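Residue-level structural notes
In case you want the letters, here they are:
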Amino acid sequence: MRYYHLLIALAVFTFDQFTKAVVEAKIPLHDVHPLIPGLLQLTHVKNRGAAFGIFADAPSQAKLVL
């Protein structure tokens, strides 16, 4: 059963890295690409912090400790 969970985690990680590479290659920084017009859009941004931009404005020494 754990093998199944590991396989799912690996598939999600691989898909995440693939989609990041596609966005990096195809969409200019800060450009908006509508996926479902009026409902869902994809914007190419850079996250300089941790999850959801937490600690993005922290000095670099603090980022190494956290």
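What counts and how
Residues numbered from 1 in each chain as written. Predicted model: local features only at pLDDT ≥ 70, side-chain atom pairs only at ≥ 80, totals over all residues. Heavy atoms only, no water. Helix = DSSP H or I, 4+ residues; strand = E, 2+ residues; numbered from the N terminus. Buried < 20%, exposed > 50% of the residue type's maximum accessible area, 1.4 Å probe, protein only. Contact = heavy atoms within 4.5 Å. Areas by Shrake-Rupley, 256 points an atom, 1.4 Å probe, with all protein chains shown as cover. pLDDT = per-residue confidence, 0-100. Salt bridge = Lys/Arg side-chain N within 4 Å of Asp/Glu carboxyl O. Polar contact = N/O pair within 3.5 Å; in protein donor to acceptor, adjacent residues only side chain to side chain. Pairing = 2+ DSSP bridges.

To continue, consider the overall build of the chain. Secondary structure summary: the chain contains 2 helices and 2 strands in total. Ordered by position from N to C terminus, the α and β elements of the chain give α-β-β-α. Put simply, the chain has 66 residues, and 5% of those count as buried. Restricting to contacts in the chain with at least 6 residues of sequence separation, those with at least 24 account for 0%. In the form shown here, the chain has an accessible surface area of approximately 6,100 Å², with 68% of it arising from carbon and sulfur atoms.

We now examine the confidence of the model for the chain. Per-chain confidence: the chain averages 84 in pLDDT, with 73% of residues scoring 70 or above. Summarising per-element confidence for the chain, the mean pLDDT is lowest in helix H2 (residues 60-65) (55) and highest in helix H1 (residues 2-26) (94).

This part is about the pattern of salt bridges. Tallying each qualifying case throughout the model produces 2 salt bridges. The salt bridge partner of Lys-20 is Asp-16, with a shortest N-O separation of 3.1 Å. You can see Lys-20 and its partner Asp-16 sitting in helix H1, 4 residues apart, about one turn around the helix. The exposure class assigned to Lys-20 is partly exposed, which follows from its relative accessible area of 46%. The exposure class assigned to Asp-16 is partly exposed, which follows from its relative accessible area of 29%.

One non-glycine residue with positive phi stands out, namely His-30, at about 70°. Looking at where His-30 falls in the secondary structure, it is placed in the loop between H1 and strand S1 (32-36).

Here His-44 lies in the loop between strand S2 (40-43) and H2. Within polar-contact distance, the side chain of His-44 engages the backbone oxygen of Ile-27 at 2.6 Å. Ignoring sequence-local partners within four residues, the contact set of His-44 consists of Val-23, Glu-24, Ile-27, Pro-28, Leu-29, His-30 and Asp-31.

A separate point is the pairing of S2. When S1 meets S2, the two strands line up antiparallel, connected through 4 bridges. Looking at the pairing, His-33 lines up with Leu-42 of S2.

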